[in-house]
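In case you want the letters, here they are:
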Amino acid sequence: MTAAIAPAFSGTETLDALYAGLAPLSINAGWAKPTPSLWPEPRRNFVPFRWSWSEGRAALEAAGRLVDTEFAERRNLILFNPVEGNSYATVRTLIAAYQAILPGETARSHRHTPNALRFILEGEGSYTVVDGERLEMRPGDVLLTPNWCWHGHGSEADGLCLWLDCLDAPLVQLLEPMFFEPHPEEYETVRTAPAASPFIFRWEDTLARLDGAAPDPEGRHFGRIELGAPALSSIALFMQRQPAGERTRATRSTANQIVCVARGTGRSEIDGEAFSWSRGDVMAIPAWRSFAHRAETDAVLFAMTDEPVMRQLGWLRTADG
């Protein structure tokens, strides 16, 4: 049976008239799309960028004088990609932020659907409570707060404690399963204070593992280890040791990356642009941009990437830069 022709189109005799009739119905003609829906390879939307830890640290010190935990739940500085229209994401799926806690402060507990982690940059005497576990934070440590885990922070230090946060919040915002909940008691009760936990990777353990890591035969990185397998369902974490004077093979990946310098100095080329770096600096490496790292002094680079998402969906590709 042939469907009846809607009266609005029964007398349509030109394409322009057809298009005019479709628009009020929220229908577009697929053969006349204003922009293509498919393209040969990933577009260059987000841009490579480097954030300076010396500048970020100075800004955090100022924030420590001006912002308390009553004013803001978390004293953090968002590292947003300087692409038009963006004021939040560092790369398409991930966000990084420098954060500080002052001596004697406690940050109230909450939980959310985004996966999160923190890489400790400076200070001892602070801690995170994750689902009742009090975990001491020391420079070089990586702490996890997976999806829907309660977490809050505190400090018993004499000075500032500083770290880098990374979350998959931009991905959650895109897909829309965003939920957030403050702890009903404000501060989660500490039940245990374990020396080891699946929520933490200690710097001394990382260095010991790097000592035994062999260079990859393709030269895309030197001694590299993965923290977890992966550490979070949407975020893979890698520590990479690079000897002074060595340069990695130029590479492209469909995975978005945020790289923080854990140790050393060097220079990276990302999509043809050069970025010098030192400890604590952060770099954005958007998907499918050529990148290579050269160490000037012995270095350790900490990479946070959405590789698990790309792999799960069958979209992970790697190629020479």
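Here the residue numbers are simple positions, counted from 1 along each chain's written sequence. Selection of residues for local features in this predicted model requires a pLDDT of at least 70, selection of side-chain atom pairs for listing and counting requires 80 or more, and totals for whole chains, interfaces and linings are taken over all residues. The basis for every side-chain value is the complete set of heavy atoms in the structure, and neither hydrogens nor water enter the calculation.

Participant: Would you mind showing me how to read the nonpolar core here?
Facilitator: Soluble globular proteins: nonpolar side chains tend toward being buried together. Grouped together as the largest cluster of nonpolar side chains are 36 residues, with contacts concentrated most on Leu117, Val142, Leu237, Met239 and Met304. Trp277, Ala295, Ala299 and Leu301 belong to the second-largest nonpolar core, a separate cluster that totals 14 residues. Nonpolar cores are built from buried Ala, Val, Leu, Ile, Met, Phe, Trp, Tyr and Cys residues. Side-chain atoms within 4.5 Å join them into one set. Think of it in three bands: residues with accessible area under 20% of the maximum for their type are buried, residues over 50% are exposed, and the middle band is partly exposed, with areas taken using a 1.4 Å probe on protein chains only.

Participant: Is there a simple way to think about the pattern of salt bridges in this case?
Facilitator: Between side chains of opposite charge, a pair can form as their charged atoms come close. Any carboxyl oxygen of Asp or Glu that lies within 4 Å of a side-chain nitrogen of Lys or Arg is treated as forming a salt bridge with it. Inspection of the entire model under this criterion finds 18 salt bridges. Between Glu156 and Arg134 there is a salt bridge whose closest N-O contact spans 3.1 Å. Taken together, the residues Glu156 in the loop between strand 9 (151-155) and strand 10 (161-167) and Arg134 in strand 7 (residues 133-137) connect sequence positions 22 residues apart. On the basis of relative accessibility, which here comes to 55%, the residue Glu156 falls in the exposed class. Under the relative-accessibility criterion, Arg134 is labelled buried at 17%. Salt-bridge contacts for Arg289 lead to Asp271; the nearest nitrogen and oxygen are separated by 3.3 Å. A residue pair is termed long-range when its members are at least 10 positions apart, and Arg289 in the loop between strand 19 (282-285) and strand 20 (291-295) and Asp271 in the loop between strand 17 (266-270) and strand 18 (273-277) qualify at 18 residues. Judged by relative accessible area, which is 4%, Arg289 ranks as buried. It is possible to trace a salt-bridge network through shared partners that takes in Glu218, Arg220, Arg249 and Asp320. Think of it this way: any DSSP run of H or I at least four residues long counts as a helix, any run of E at least two long counts as a strand, and we number them from the N terminus.

Participant: I keep staring at the pairing of strand 16 (residues 257-263) and nothing clicks. Help me out?
Facilitator: Regular strands place their side chains on alternate faces of the sheet. Most of strand 16 sits inside the fold, with 6 of its 7 residues counted as buried. One bridge is not enough; two strands pair if DSSP finds at least two bridges between them. Pairing of strand 16 with strand 19, which is carried by 4 bridges, proceeds in the antiparallel orientation. Directly across from Ile258, in strand 19, lies its bridge partner Ala284. As paired elements, strand 16 and strand 21 (residues 299-305) share 6 bridges and run antiparallel to each other. By the bridge assignment, Ile258 is partnered in strand 21 with Met304.

Keep in mind that these numbers describe shape and distance, not what the molecule does.
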